[in-house]
Amino acid sequence: MNGNKILPTIEKEPFSLSVEGLSKRFGGIQAISGVCFTITHERVLSIIGPNGAGKTTLINLLSGVFPPDSGKIVLDGKDLVPLPAHKRTSLGICRTFQLEELFADMTVLENAMVGCHLKGKTGMIAAGLHLKGERREEVLIAETAYRNLALTGLEKKAHERATNLPLGERKLLGIARALGANPRLLMLDEPAGGLAAHEVAKLKELIQILLSESDLRILLVEHNVPFVMSISDRVIVLNYGEKIADDTPEKIRNDAKVIEAYLGESTWE
């Protein structure tokens, strides 16, 4: 991974995301129940909890994959609930997936360019047809995508097929693609899942670079609790769709409700 400056340092701008009474039921299962929280000055807010706690459902609600049954998602005073996923992305709410949904027939660079097109003026179809007047933007998009690949350490594999990448690099490519949309809030869904220790260390380094070179906020959903505790400003714990704790990593470690939810497992080591 390239530790040199890639992203331009920008002035901090006000940011406020408020989740108010968010609920979602699937049949007889209450996946999310009245969840409330805010993100303002925190750079990394993590969501943890046992399997089935509702962590990925929460990201799906925030990103617009599912509509909530009730509640609000308010970004800088604007309720996002009525907006479809692509509109939320245009406002800077971006995400990755547990299993990255990459375009198998595209190269690594082309996959990274997809995220940039979400912010482009011409659209992917016009660019793909190489219409007159669209080529310059396509060059700029390719340059931006390449910089994002360099940030994740994938620039040397830019022209390989995305399907050739191992799991860890597929997840990094998902982050590079999301960065192309110039996010204000980047939601990472299980980015460390299935990764070896050295790959988790690489992921942590990438997050630290992103935070140092931009005003990005990160919402991290993750099972790897030691990784979460090492990088988070604040941690929310879900259990059966309900928020049972919301505090600093240090206090979460000793919270009785959290320890009970994890059934006494040595989760923090």
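Because the structure is predicted, anything quoted here is derived from the model rather than measured.

Analysis parameters
- Sequence order as written defines residue numbering, which begins from 1 separately in each chain.
- Confidence filtering applies because this is a predicted model: local features only for residues at pLDDT of at least 70, side-chain atom pairs given and counted only at 80 or more, and all residues used for totals across whole chains, interfaces and linings.
- Only hydrogens and water are set aside; all other atoms, that is, all heavy atoms of the structure, feed into the side-chain values.
- Strands were regarded as paired on the criterion that DSSP finds at least two bridges between them.
- In DSSP terms, a helix is any run of H or I states spanning at least four residues, a strand is any run of E spanning at least two, and both are numbered starting from the N terminus.
- Throughout, an axis means a line fitted to C-alpha atoms (over the contacting stretch in the case of helices), and angles, computed between N-to-C directions, take values from 0 to 180 degrees.
- Contacts: residue pairs with any heavy atoms within 4.5 Å of one another.
- What makes a nonpolar core is a set of buried Ala, Val, Leu, Ile, Met, Phe, Trp, Tyr and Cys residues whose side-chain atoms join them at distances within 4.5 Å.
- Type-normalised accessible area, obtained with a 1.4 Å probe on protein chains alone, sets the label of each residue: buried when under 20%, exposed when over 50%, and partly exposed for intermediate values.
- Stacked, edge-to-face and tilted are the three classes for Phe, Tyr and Trp ring pairs, Trp counted by its six-membered ring, which pair at centre distances within 6.5 Å; planes under 30 degrees apart are stacked, over 60 edge-to-face, the rest tilted.
- Placement of a positive charge over a ring is assigned whenever Lys NZ or Arg CZ falls within 6 Å of the ring centre and within 35 degrees of the normal to the ring plane.
- A crossover counts as right-handed when, viewed with the strands pointing away from the observer, the path leading from the first strand over the helix to the second turns clockwise.

Draft legend 1. Region of interest: the sheet that holds strand β7 (residues 185-189). Ordered in space as β6-β7-β8-β3-β9-β10, the six strands form an open sheet in which the pairing is mixed. Each edge of the sheet is formed by a strand with only one pairing partner; in this case those strands are β6 (93-95) and β10 (242-247). Mean inter-strand twist for the sheet, computed between neighbouring axes without regard to direction, equals 20°. In terms of strand pairing, β7 meets strand β8 (residues 217-221) through five bridges, oriented parallel. Note on β8: the bridge partner recorded for leucine 188 is leucine 220. Of the strands in this sheet, β3 (44-48), β6, β7, β8 and β9 (234-239) are in contact with helix α1 (residues 55-63), which crosses β7 at around 150°. Packing of helix α6 (residues 167-179) onto the sheet brings it into contact with β6 and β7, and relative to β7 it is tilted by some 160°.

Draft legend 2. Layout of the nonpolar core. Within the largest apolar cluster, 49 residues are counted, with the highest numbers of intra-cluster contacts made by Leu149 and Leu173. It is helix α7 (residues 197-213) that contributes the most residues to this core, seven residues altogether. Ignoring sequence-local partners within four residues, the contact set of leucine 149 consists of Val108, Leu109, Ala112, Leu154, Glu155, Ala158, Leu173 and Ala176. By size, the runner-up hydrophobic cluster in this structure holds 26 residues, among which are Ile47, Leu83, Ile236 and Leu238.

Draft legend 3. The packing of aromatic side chains, seen in detail. Enumeration according to the criterion identifies one aromatic pair in this entry. Over the ring of phenylalanine 97 we find arginine 95; its NZ or CZ atom is 4.1 Å from the centre of that ring.

Draft legend 4. Focus on the environment of phenylalanine 37. When you line up the elements, phenylalanine 37 lands in strand β2 (residues 29-39). Looking at phenylalanine 37, the relative accessible area reads 4%, which means it is buried. Separated by 17 residues in sequence, phenylalanine 37 and glutamate 20 have C-alpha atoms that sit 6.8 Å apart. Beyond its immediate sequence surroundings of up to four residues, phenylalanine 37 is in contact with Leu17, Ser18, Val19, Leu45, Leu58, Leu62, Leu219, Arg234, Ile236 and Asp246.

Draft legend 5. Inspection of unusual backbone geometry at higher detail. Residue asparagine 182 is not a glycine yet carries a positive backbone phi of 55°. On the secondary structure map, asparagine 182 appears in the loop between α6 and β7. For tyrosine 240, which is not glycine, the phi dihedral falls at a positive 50°. Assignment of secondary structure puts tyrosine 240 in the loop between β9 and β10. Relative accessible area serves as the criterion here: at 68%, tyrosine 240 is assigned to the exposed category.

Draft legend 6. Structural detail: the pairing of β8. Taken across its five residues, β8 has five buried, putting it largely inside the fold. Side-chain alternation along β8 places Arg217, Leu219 and Val221 on one buried face and Ile218 and Leu220 on a second face that is also buried. Across four bridges, the pairing between β3 and β8 is parallel. Residue pairing across strands places serine 46 opposite leucine 220, the latter belonging to β8. One crossover worth recording links β7 to the parallel β8 by way of α7, and it is right-handed.

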